[in-house]
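Read off the chains here:
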Amino acid sequence: MIFELIKQRRSVFPAQFNSKPIAKVDLKKILEAANWAPTHKKTEPWRFKVLLGESKEKLGLFLSYKYMDTEAKPKEIKTRKLIENPKKAAAVIAICMQRDPLERLPEWEEIAATAMAVQNMWLCCTELGIGSYWSSPGLIQYMGEFFDFQPGEKCLGFFYMGYYDEKPDAGIRSDIGDKTVWFE
C-alpha cells in the first residue's frame, strides 16, 4: 500500500486549490506524521509554523513587499502571485529547521531530516486527498523579519496545502536502472 501512495504523491499548486478548509484535526494528524521522520542523534530539527486565516494574507503581503524591495526590476505577475498564493491555500506551513546548538552533526543531515518530515506530511496529505506543494523561494532568507526565530532556526520553504477538484496528472519517472550501479 505505501508503495502505491508514494507513486500517487504529486505537487498540487495553489492555483489548483478550491476553497474547502482543512480541519484542524487533519492538520494536526499531518504534523504528527512529520514528527515521526528519521532523525540522526535524535535532534528532531523540524519546526513548523502553521498559517491560517489572516496570517496567510500577511505572509503574502510580506513576501510581495520584500520582493519589490529586493528585486531590481520586480515583475508585476510575480508580485501578484506572491500575494495570491497564500490566500488560495487552505493552510500554509512554514518549513523551518532548528540547528542543533552543539552542532554534533553536519547541517545537511538536519536539513535532510526536515525534508523527510515534509515527505511524511506530503504522503499523509496524499492519503487524505489534500493537495500540497513545497515552495522554496529566495525570499525565505528574509523570514526572520516575519517570524520570531530561535537562535539557529531558519526557514527552508513553505508547504502550501488545499483541497482540489481536478485529478493530478500521472507521474513519470525514468527507469531506476539508469540511476543505479550494483556492486556484488
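Structure's up top.
A few points on the structure.

The rules we used
Residues numbered from 1 in each chain as written. Predicted model: local features only at pLDDT ≥ 70, side-chain atom pairs only at ≥ 80, totals over all residues. Heavy atoms only, no water. Axes fitted to C-alpha atoms, helices over the stretch in contact; angles between N-to-C directions. Helix = DSSP H or I, 4+ residues; strand = E, 2+ residues; numbered from the N terminus. Parallel < 35°, antiparallel > 145°, perpendicular 65-115°, else oblique. Left-handed = near helix turned anticlockwise from the far one by under 90°. Contact = heavy atoms within 4.5 Å. Core = buried A, V, L, I, M, F, W, Y, C linked by side-chain atoms within 4.5 Å. Buried < 20%, exposed > 50% of the residue type's maximum accessible area, 1.4 Å probe, protein only. Expected span 1.5 Å × (residues − 1). Disulfide = S-S within 2.5 Å. Phe/Tyr/Trp six-rings, centres within 6.5 Å; stacked < 30°, edge-to-face > 60°. Lys NZ or Arg CZ within 6 Å of the ring centre and 35° of its normal. Pairing = 2+ DSSP bridges. Salt bridge = Lys/Arg side-chain N within 4 Å of Asp/Glu carboxyl O.

Comments concerning the packing of helix α2 (residues 24-34) against helix α5 (residues 107-128)
- Remark: α2 packs on α5, axes separated minimally by 7 Å, with the N-to-C direction vectors making an angle of 140°. Classified by the interaxial angle, the pair formed by α2 and α5 is oblique. Between α2 and α5 lies a crossing of right-handed hand. Residues Asp26, Lys29, Ile30, Leu31, Ala33 and Ala34 of α2 pack against Ala117, Asn120, Met121, Cys124, Cys125 and Leu128 of α5.

So, the nonpolar core
- Core analysis: the biggest nonpolar cluster contains 23 residues, and Ile22, Ile30, Met121, Cys125, Ile130, Phe159 and Met161 have the highest contact counts within it.
- Listing elements by their share of this core, those giving two or more residues are α2, β2 (91-98), α5 and β4 (153-162).
- The leading source of residues in this core is α5, at seven residues.
- Ignoring anything within four residues of it in the chain, the contact list for Ile130 reads Ile22, Ile30, Cys125, Met161, Gly162, Tyr163 and Tyr164.

Points about helix α3 (residues 54-70)
- Its 17 residues place the ends of α3 24 Å apart at the C-alpha level, agreeing with the 24 Å of an ideal helix rising 1.5 Å per residue.
- Burial in α3 covers these residues: Lys56, Leu59, Gly60, Phe62, Leu63, Ser64, Lys66 and Tyr67.
- If you follow the buried residues of α3, they end up packed against β1 (46-51), α4 (76-88), β2 and β4.

Examining the state of the cysteines
- Inspection of the entire model under this criterion finds zero disulfides.
- Between Cys96, a free cysteine, and Cys155, which holds the nearest cysteine sulfur, the sulfur-to-sulfur gap is 4.5 Å.
- Cys155 gets classed as buried once you look at its relative accessible area, which sits at 5%.

Considering the packing of aromatic side chains
- Inspection of the entire model under this criterion finds six aromatic pairs.
- For the ring pair Phe146 and Phe147, a centre distance of 5.0 Å and an interplane angle of 85° mean the geometry is edge-to-face.
- Accessibility expressed as a relative area gives 10% for Phe147, which makes it buried.
- Sitting above the plane of the Tyr163 ring, Lys20 keeps its charged end 4.2 Å from the centroid.
- Between Lys49 and the ring centre of Phe147, over which it is positioned, the NZ or CZ distance is 5.9 Å.

What to know about the sheet that holds β4
- The strand order β1-β2-β4-β3 describes an open sheet built from four strands, whose pairing is antiparallel. Each end of this open sheet is capped by a strand with a single partner; those strands are β1 and β3 (131-135). In this sheet, adjacent strand axes meet at a mean angle of 25° when their direction is disregarded.
- Here β2 pairs with β4 via eight bridges, running antiparallel. Paired with Met97 across the two strands is Lys154, which belongs to β4.
- Against the sheet, α2 makes contact with β1, β2 and β4, and its axis sits at roughly 165° relative to β1, the strand it touches most.

Focus on the pattern of salt bridges
- Applying the stated criterion across every chain yields a total of nine salt bridges.
- Where Glu84 meets Lys87, a salt bridge forms, and the shortest distance between an N and an O atom there is 3.4 Å. Highlighted residues: Glu84 and Lys87, both in helix α4, separated by three residues, approximately one helical turn.
- By relative accessible area, Glu84 is classed as partly exposed at 29%.
- Members of the salt-bridge network, linked through shared partners, are Arg99, Glu103 and Glu110.

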